[in-house]
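Letter by letter, the chains look like this.
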Amino acid sequence: MRAKLFSLFLWLAIIAAATWFGGTLYQMLVIVPMWAASPPESVREFFTQTRYNETIWNFFGPPFMIARSLPLVLAIIFGWHLRPQRTWLLIAVLVKAFGIAFTLFYIYPINEVLFLNAGGNHSPEEVRQLVDKWVLSDRIRFVVGTIGFISLLRALSLPIERQRRHSAP
(Lines give C-alpha, C1' and ligand atoms only; values in the text may rest on other atoms or scores of the structure.)
Protein backbone atom coordinates (compact mmCIF):
# COMPACT_ATOMS: atom_id res chain seq x y z
CA MET A 1 0.00 0.00 0.00
CA ARG A 2 2.88 2.37 0.82
CA ALA A 3 4.39 1.87 -2.65
CA LYS A 4 1.04 2.65 -4.29
CA LEU A 5 0.64 5.83 -2.27
CA PHE A 6 4.21 6.79 -3.12
CA SER A 7 3.54 6.27 -6.83
CA LEU A 8 0.28 8.21 -6.67
CA PHE A 9 1.82 11.22 -4.94
CA LEU A 10 4.91 11.12 -7.13
CA TRP A 11 2.70 11.25 -10.22
CA LEU A 12 0.66 14.09 -8.73
CA ALA A 13 3.87 15.96 -7.91
CA ILE A 14 5.05 15.48 -11.49
CA ILE A 15 1.74 16.68 -12.91
CA ALA A 16 1.88 19.74 -10.62
CA ALA A 17 5.48 20.46 -11.65
CA ALA A 18 4.65 19.97 -15.33
CA THR A 19 1.73 22.40 -15.00
CA TRP A 20 4.01 24.95 -13.33
CA PHE A 21 6.70 24.38 -15.98
CA GLY A 22 4.28 24.83 -18.88
CA GLY A 23 2.55 27.83 -17.33
CA THR A 24 5.85 29.51 -16.55
CA LEU A 25 7.20 28.85 -20.02
CA TYR A 26 4.03 30.30 -21.56
CA GLN A 27 4.27 33.33 -19.30
CA MET A 28 7.95 33.85 -20.20
CA LEU A 29 7.37 33.57 -23.94
CA VAL A 30 3.97 35.23 -24.34
CA ILE A 31 2.90 37.34 -21.37
CA VAL A 32 6.13 38.88 -20.06
CA PRO A 33 7.12 40.35 -23.45
CA MET A 34 3.81 42.22 -23.51
CA TRP A 35 4.41 44.11 -20.27
CA ALA A 36 8.21 44.23 -20.36
CA ALA A 37 8.53 45.46 -23.95
CA SER A 38 9.13 49.16 -23.28
CA PRO A 39 8.86 50.06 -19.62
CA PRO A 40 7.52 52.08 -17.97
CA GLU A 41 4.77 52.66 -20.56
CA SER A 42 4.23 48.95 -21.28
CA VAL A 43 4.06 48.16 -17.54
CA ARG A 44 1.52 50.90 -16.86
CA GLU A 45 -0.59 50.03 -19.87
CA PHE A 46 -0.60 46.26 -19.31
CA PHE A 47 -1.31 46.27 -15.58
CA THR A 48 -3.97 48.98 -15.66
CA GLN A 49 -5.84 47.71 -18.74
CA THR A 50 -5.85 43.93 -18.23
CA ARG A 51 -7.16 41.50 -15.64
CA TYR A 52 -3.75 39.86 -15.37
CA ASN A 53 -3.47 40.29 -11.59
CA GLU A 54 -6.72 38.40 -11.07
CA THR A 55 -5.70 35.44 -13.21
CA ILE A 56 -2.03 35.22 -12.22
CA TRP A 57 -2.96 34.87 -8.56
CA ASN A 58 -5.12 31.90 -9.49
CA PHE A 59 -2.25 30.07 -11.21
CA PHE A 60 0.94 31.08 -9.42
CA GLY A 61 -0.33 32.50 -6.10
CA PRO A 62 0.25 31.07 -2.62
CA PRO A 63 -2.83 28.79 -2.57
CA PHE A 64 -1.49 26.99 -5.62
CA MET A 65 2.07 27.01 -4.30
CA ILE A 66 0.73 24.92 -1.43
CA ALA A 67 -1.40 22.73 -3.69
CA ARG A 68 1.57 22.01 -5.98
CA SER A 69 3.84 21.30 -3.00
CA LEU A 70 1.62 18.93 -1.04
CA PRO A 71 1.96 15.92 -3.38
CA LEU A 72 5.74 16.31 -3.29
CA VAL A 73 5.79 16.34 0.50
CA LEU A 74 3.53 13.28 0.61
CA ALA A 75 5.67 11.49 -2.00
CA ILE A 76 8.78 11.99 0.09
CA ILE A 77 6.98 10.80 3.22
CA PHE A 78 5.69 7.63 1.57
CA GLY A 79 8.92 7.06 -0.37
CA TRP A 80 11.42 7.84 2.38
CA HIS A 81 12.44 4.18 2.61
CA LEU A 82 13.38 4.18 -1.08
CA ARG A 83 16.99 5.39 -1.06
CA PRO A 84 17.47 6.12 -4.78
CA GLN A 85 14.17 8.01 -5.03
CA ARG A 86 14.75 9.77 -1.71
CA THR A 87 17.85 11.54 -3.06
CA TRP A 88 15.98 12.90 -6.09
CA LEU A 89 12.93 13.80 -4.03
CA LEU A 90 15.10 15.70 -1.54
CA ILE A 91 16.54 17.70 -4.41
CA ALA A 92 13.01 18.46 -5.60
CA VAL A 93 11.90 19.48 -2.09
CA LEU A 94 14.91 21.77 -1.62
CA VAL A 95 14.30 23.33 -5.02
CA LYS A 96 10.62 23.81 -4.21
CA ALA A 97 11.46 25.41 -0.85
CA PHE A 98 13.95 27.73 -2.52
CA GLY A 99 11.43 28.65 -5.23
CA ILE A 100 8.71 29.48 -2.74
CA ALA A 101 11.01 31.50 -0.47
CA PHE A 102 12.60 33.31 -3.41
CA THR A 103 9.17 34.14 -4.80
CA LEU A 104 7.66 35.34 -1.54
CA PHE A 105 10.60 37.35 -0.25
CA TYR A 106 12.29 38.62 -3.40
CA ILE A 107 9.90 38.55 -6.35
CA TYR A 108 6.64 39.48 -4.59
CA PRO A 109 7.99 42.87 -3.42
CA ILE A 110 8.80 43.62 -7.07
CA ASN A 111 5.33 42.37 -8.05
CA GLU A 112 3.86 44.85 -5.58
CA VAL A 113 5.40 47.75 -7.49
CA LEU A 114 5.06 46.47 -11.04
CA PHE A 115 1.93 44.33 -11.05
CA LEU A 116 -0.27 45.83 -8.36
CA ASN A 117 0.75 49.48 -8.74
CA ALA A 118 1.73 49.49 -12.44
CA GLY A 119 5.04 51.09 -11.52
CA GLY A 120 3.46 53.43 -9.01
CA ASN A 121 5.24 56.73 -8.45
CA HIS A 122 8.62 55.27 -9.40
CA SER A 123 10.70 57.05 -12.01
CA PRO A 124 10.87 55.56 -15.52
CA GLU A 125 14.45 54.44 -14.82
CA GLU A 126 13.43 52.72 -11.57
CA VAL A 127 10.60 50.91 -13.36
CA ARG A 128 12.98 49.75 -16.10
CA GLN A 129 15.42 48.49 -13.47
CA LEU A 130 12.63 46.65 -11.64
CA VAL A 131 11.47 45.04 -14.89
CA ASP A 132 15.01 43.86 -15.66
CA LYS A 133 15.40 42.59 -12.09
CA TRP A 134 12.06 40.77 -12.25
CA VAL A 135 12.81 39.13 -15.62
CA LEU A 136 16.24 37.94 -14.48
CA SER A 137 14.80 36.66 -11.20
CA ASP A 138 12.03 34.83 -13.02
CA ARG A 139 14.57 33.15 -15.31
CA ILE A 140 16.66 32.07 -12.33
CA ARG A 141 13.54 30.71 -10.64
CA PHE A 142 12.61 28.85 -13.82
CA VAL A 143 16.04 27.22 -14.19
CA VAL A 144 16.10 26.16 -10.54
CA GLY A 145 12.49 24.94 -10.72
CA THR A 146 13.32 22.94 -13.84
CA ILE A 147 16.04 21.15 -11.87
CA GLY A 148 13.34 20.12 -9.39
CA PHE A 149 11.06 18.96 -12.20
CA ILE A 150 13.85 16.88 -13.74
CA SER A 151 14.60 15.43 -10.30
CA LEU A 152 11.00 14.25 -10.02
CA LEU A 153 11.20 12.65 -13.45
CA ARG A 154 14.44 10.93 -12.42
CA ALA A 155 12.77 9.59 -9.27
CA LEU A 156 9.96 8.23 -11.42
CA SER A 157 12.40 6.50 -13.76
CA LEU A 158 13.99 4.44 -10.98
CA PRO A 159 12.61 1.01 -10.12
CA ILE A 160 10.80 0.75 -6.83
CA GLU A 161 12.40 -1.89 -4.68
CA ARG A 162 9.85 -3.98 -2.87
CA GLN A 163 10.54 -4.60 0.75
CA ARG A 164 11.05 -8.26 1.44
CA ARG A 165 9.10 -9.83 4.23
CA HIS A 166 11.07 -12.21 6.34
CA SER A 167 9.29 -15.45 6.97
CA ALA A 168 10.04 -17.64 9.93
CA PRO A 169 11.92 -20.88 9.10
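The rules behind each value
- Residues numbered from 1 in each chain as written.
- Predicted model: local features only at pLDDT ≥ 70, side-chain atom pairs only at ≥ 80, totals over all residues.
- Heavy atoms only, no water.
- Core = buried A, V, L, I, M, F, W, Y, C linked by side-chain atoms within 4.5 Å.
- Buried < 20%, exposed > 50% of the residue type's maximum accessible area, 1.4 Å probe, protein only.
- Helix = DSSP H or I, 4+ residues; strand = E, 2+ residues; numbered from the N terminus.
- Expected span 1.5 Å × (residues − 1).
- Bend = angle between axes of the 7 residues up to and from the residue.
- Phe/Tyr/Trp six-rings, centres within 6.5 Å; stacked < 30°, edge-to-face > 60°.
- Lys NZ or Arg CZ within 6 Å of the ring centre and 35° of its normal.
- Axes fitted to C-alpha atoms, helices over the stretch in contact; angles between N-to-C directions.
- Parallel < 35°, antiparallel > 145°, perpendicular 65-115°, else oblique.
- Left-handed = near helix turned anticlockwise from the far one by under 90°.
- Contact = heavy atoms within 4.5 Å.

Colleague: Which residues make up the nonpolar core, and what values go with them?
Modeller: In this structure, W35, V43, F47, L114, F115, V131 and W134 are the most contacted members of the largest nonpolar core, which totals 19 residues. Among the secondary structure elements, those contributing two or more residues to this core are α1 (2-36), α2 (41-49), α5 (83-116) and α6 (124-157). Considering each element in turn, this core owes the most residues, 6 residues, to α5.

Colleague: Hey, could you go over helix α4 (residues 62-78) for me, with residue numbers and the actual values?
Modeller: Along its 17 residues, α4 runs 24 Å from first to last C-alpha, staying within 8% of the 24 Å computed at 1.5 Å per residue. Residue S69 marks the point of greatest curvature in α4, where the axis turns by about 25°; the proline P71 follows within four residues. The complete set of buried residues in α4 reads M65, R68, S69, P71, L72, A75 and I76.

Colleague: An account of the packing of aromatic side chains is requested, with residue identities and associated values reported.
Modeller: Counted under the stated rule, the structure contains 15 aromatic pairs. Cation over ring: R86 sits above W80, and NZ or CZ is 4.8 Å from the ring centre.

Colleague: Any chance you could break down the packing of α4 against α5 for me, citing the residues and the numbers?
Modeller: If you want to describe how two helices pack, look at the angle between their axes and the distance between the axes. The interhelical angle for the contact between α4 and α5, taken along N-to-C directions, is 160°, at an axis separation of 10 Å. Of the possible angle classes, the one that applies to α4 and α5 is roughly antiparallel. When the axes of α4 and α5 are compared, the crossing they make is left-handed. Listed contacts from α5 to P62, M65, R68, S69, L72, A75 and I76 of α4 are L89, L90, A92, V93, K96, I100, T103, L104 and Y108.

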